[in-house]
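Observations on chain architecture
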Amino acid sequence: MTIVLYAAAGLLMAIGSLYFAWRSRDFRKFLAGAFFVSSGILFYLYLADVSVPLLGTELVETPRVSGGRSVVHFILFLVCLYFGFVRRPESQNSRGAPL
């Protein structure tokens, strides 16, 4: 039952994050920082060979899983970095004036 709650909470948070990231450039900037920190911590756990227990269950995240997640989070960091900081927003009206 706990795994189902974790999956439902993760899905709800992912949908909410995608909605706000699509609409807000500042949120993409925030996500870039969060993904950068997360990828660094996960990579450290991989290098230190630390297994992390999943709260409320008897499952354990192995260092190999942490390494894979760190790669995914680093890619998401690069995507959010590009769309949050590098790429200029396009104007939404017909006259070309910024909003």
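Above this text is the structure in question.
One structure accompanies this document, and this report is about it. (Residues numbered from 1 in each chain as written. Predicted model: local features only at pLDDT ≥ 70, side-chain atom pairs only at ≥ 80, totals over all residues. Heavy atoms only, no water.)

Look at helix H1 (residues 2-23) against helix H2 (residues 25-47): their axes get within 5 Å of each other, and the N-to-C directions meet at 125°. By the angle between their axes, H1 is oblique relative to H2. Read as a crossing pair, H1 and H2 show a hand that is left-handed. Along its contact with H1, which presents Ser17, Phe20, Ala21, Trp22 and Arg23, the element H2 presents Arg25, Phe27, Arg28 and Leu31. Across the contact of H1 with H2, the residue classes break down as five nonpolar, one polar and three charged. (Axes fitted to C-alpha atoms, helices over the stretch in contact; angles between N-to-C directions. Helix = DSSP H or I, 4+ residues; strand = E, 2+ residues; numbered from the N terminus. Parallel < 35°, antiparallel > 145°, perpendicular 65-115°, else oblique. Left-handed = near helix turned anticlockwise from the far one by under 90°. Contact = heavy atoms within 4.5 Å. Nonpolar A, V, L, I, M, F, W, Y, C, P; charged D, E, K, R; others polar.)

What follows deals with the packing of H2 against helix H3 (residues 63-86). The N-to-C vectors of H2 and H3 enclose an angle of 155°; their axes lie 7 Å apart at closest approach. Between H2 and H3, the crossing angle belongs to the class labelled roughly antiparallel. The two elements H2 and H3 meet at a crossing, and its hand is left-handed. Grouping the amino acids of the contact of H2 with H3 by side-chain chemistry returns 17 nonpolar, seven polar and five charged.

For the rest of this paragraph, the subject is the nonpolar core. Core analysis: the largest hydrophobic core is formed by six residues, namely Ala21, Leu31, Ala32, Phe35, Phe77 and Cys80. Of all elements in the fold, only H2 and H3 reach the threshold of two or more residues within this core. Considering every element that reaches this core, the biggest residue donor is H2, with three residues. Each residue touching Phe77, except ones within four places of it in the same chain, is listed here: Ala32, Phe35 and Phe36. (Core = buried A, V, L, I, M, F, W, Y, C linked by side-chain atoms within 4.5 Å. Buried < 20%, exposed > 50% of the residue type's maximum accessible area, 1.4 Å probe, protein only.)

Turning next to the pattern of salt bridges. Pairs can form between side chains of opposite charge once their charged atoms are near each other. Scanning the model with the defined rule gives two salt bridges in all. One salt bridge connects Lys29 with Asp26, and the closest N-O pair in it is separated by 4.0 Å. Pair noted here: Lys29 and Asp26 are both in helix H2, with a separation of three residues, about one helical turn. Overall, Lys29 belongs to the partly exposed group, its relative accessible area being 30%. (Salt bridge = Lys/Arg side-chain N within 4 Å of Asp/Glu carboxyl O.)

Turning to H2, a few remarks are in order. Compared with the 33 Å implied by 1.5 Å per residue over 23 residues, the 33 Å span of H2 between its first and last C-alpha is a close match. Looking only at H2, the buried set comprises Arg28, Leu31, Ala32, Phe35, Ser38, Ser39, Leu42 and Leu45. Check the buried side of H2 and you find it contacts H1, strand S1 (52-53), strand S2 (60-61) and H3. With a side-chain oxygen lying 3.4 Å from the backbone nitrogen of Asp26, the N-terminal cap of H2 falls on Ser24. A positive backbone phi angle near 60° is found at Asp49, which sits one or two residues after H2. (Expected span 1.5 Å × (residues − 1). Polar contact = N/O pair within 3.5 Å; in protein donor to acceptor, adjacent residues only side chain to side chain.)

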